[in-house]
Amino acid sequence: DPGADASLCGMAATGASGTNAVRYGTMRPNVLNLRVVLPDGRLLHTAGPGRQPRKRAAGYDLTSLFVGSEGTLGFLTQATLRLHPVPEATAATVASFPSVGAAVACTVQVLQAAVPVARIGECLRPEVGLGAQVPVVELSAASSRSEFLDEVMADACGRFSGMGLPAAATLLLELHGSRRSLAEQQLQTEEMVRENGGSGLAWAEGLEERERLWSMRHNAWYAALALRPGCQGYSTDVCVPISRLPDVVVETKQDLQASGLTGPMVGHVGDGNFHCLLIFNSQDPEEAQRVHAFTQRLGRRALAAGGTCTGEHGVGLGKRILLQEELGQEGLDTLRSIKAALDPHNLMNPGKVL
């Protein structure tokens, strides 16, 4: 469930995901084979022509190498994907919280209580050591997805979509499963929301109402831009271990406020991934510098918490220094050796990532 204008090979190239990633996985585990045009014009099938096994142990994992390569190793021209069954029953709701810390703490509690989740964050699977379980999708097991919006983002999305959300930290949750298991998961989720000071739960099971709710979330980028008409948007993300997520989110919120930046926060926090949508005047060098300084601090805050400088947006140009800090010189040298072997003339996205 990515953005509306996403393409399959584009999603694979950036190692991206969407609101269902905690339950169904990011692009990486869902890509079984790729057809790639290499820099010298040769055609590569990363798992072999026509092959689509659910698992394999034959040689290096070339498919995973090209997922997230950001166009630096070849053109992705075809993707063979794993499919998941549509759940028997689905219910969605919105809950408001007194603070961003309370909203994220609720998400962490749901995961640590081993509630099988699907839409409760956006990028990677939760850490098994915390008790979260993400089994293979079955119609008999309920699951959920949940999106976090801080009070600025919730207010912007509510006004942009006309839904009138309260200006408060907000979770959008969706449960998937059989009708029997769904009812049980709803009760369990409602209890955890109340324990964390949440309110406003009202479940929507009809397709039209659920699509309207998630359409509001998918339009978050445009809602953020509407906060400062005529300004430019800059989106950045990080991903941290679930156990560190509340602290990192609260620290980031404080950093945003201290920096005087317009930066609503949104995230698929169930996998530790969240985004800051920074809206700034690109003609103001001082404000642009504050945006750059904030994004560097955010990336280093995630690294210090044992996380990554990007959960799904990629490295591109802006996070090359952070990539080196994350992987170390040996890791970066290894990436450069792979790049040099496949693209000795540096034809593919030169200057990006490495």
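That block above? That's the structure.
Residues numbered from 1 in each chain as written. Predicted model: local features only at pLDDT ≥ 70, side-chain atom pairs only at ≥ 80, totals over all residues. Heavy atoms only, no water.

A cluster of nonpolar residues, F160, W221 and Y222, forms a patch on the protein surface that exposes about 300 Å² of accessible area. Residue placement: W221 occurs in helix α9 (residues 220-225). Residue W221 is classed as partly exposed on the basis of its relative accessible area, which comes to 30%. (Patch = residues over 30% accessible without salt bridge, like charges linked within 9 Å, V, L, I, M, F, W, Y side chains within 5 Å. Areas by Shrake-Rupley, 256 points an atom, 1.4 Å probe, with all protein chains shown as cover. Salt bridge = Lys/Arg side-chain N within 4 Å of Asp/Glu carboxyl O. Helix = DSSP H or I, 4+ residues; strand = E, 2+ residues; numbered from the N terminus. Buried < 20%, exposed > 50% of the residue type's maximum accessible area, 1.4 Å probe, protein only.)

Right, let's talk about the environment of Q283 for a bit. Here Q283 shows up in the loop between β9 (273-280) and α11 (285-304). Taking the C-alpha atoms as reference, Q283 lies 9.4 Å from Q232; in sequence the two are 51 residues apart. A polar contact of 3.5 Å, which involves the side chain of Q283, links it to the side chain of S282. (Polar contact = N/O pair within 3.5 Å; in protein donor to acceptor, adjacent residues only side chain to side chain.)

Moving on: α11. Taking 1.5 Å of rise per residue, 20 residues should cover 28 Å, and α11 covers 29 Å from first to last C-alpha, within 8% of that figure. Considered for burial, the residues of α11 that qualify are E287, V291, F294, T295, Q296, L298, G299, R301 and A302. In this structure, the buried residues of α11 make contact with β7 (232-239), α10 (245-259), β9 and α12 (320-342). Positive backbone phi, at 85 degrees, marks G306, one or two positions downstream of α11. (Expected span 1.5 Å × (residues − 1). Contact = heavy atoms within 4.5 Å.)

The tendency in soluble globular proteins is for nonpolar side chains to be buried side by side. F97, F148, L171, V249, F274 and C276 are the most contacted members of the largest nonpolar core, which has 33 residues in total. Listed by contribution, the elements that provide at least two residues to this core are β4 (89-97), α5 (100-112), β6 (169-177), α10, β9 and α11. Formed by 18 residues, the second largest nonpolar core is a distinct cluster that contains C157, A220, A223 and L277. (Core = buried A, V, L, I, M, F, W, Y, C linked by side-chain atoms within 4.5 Å.)

A separate point is the environment of C157. Tracing the sequence through the fold places C157 in helix α6 (residues 151-161). Exposure remark for C157: the relative accessible area of 1% places this residue in the buried category. The spatial distance from the C-alpha of C157 to the C-alpha of A224 is 7.6 Å, given a sequence separation of 67 residues. Here C157 is in contact with M216, A220 and A223, once residues within four sequence places are set aside.

Before going further, it helps to examine the pattern of salt bridges. Under the defined criterion, the tally for this structure stands at 12 salt bridges. Across the pair D255 and R297 runs a salt bridge, and its minimum N-O distance is 2.9 Å. You can see D255 sitting in helix α10 and its partner R297 sitting in helix α11, a full 42 residues away along the chain. R297 gets classed as partly exposed once you look at its relative accessible area, which sits at 36%. Salt-bridge contacts for R290 lead to E286; the nearest nitrogen and oxygen are separated by 2.8 Å.

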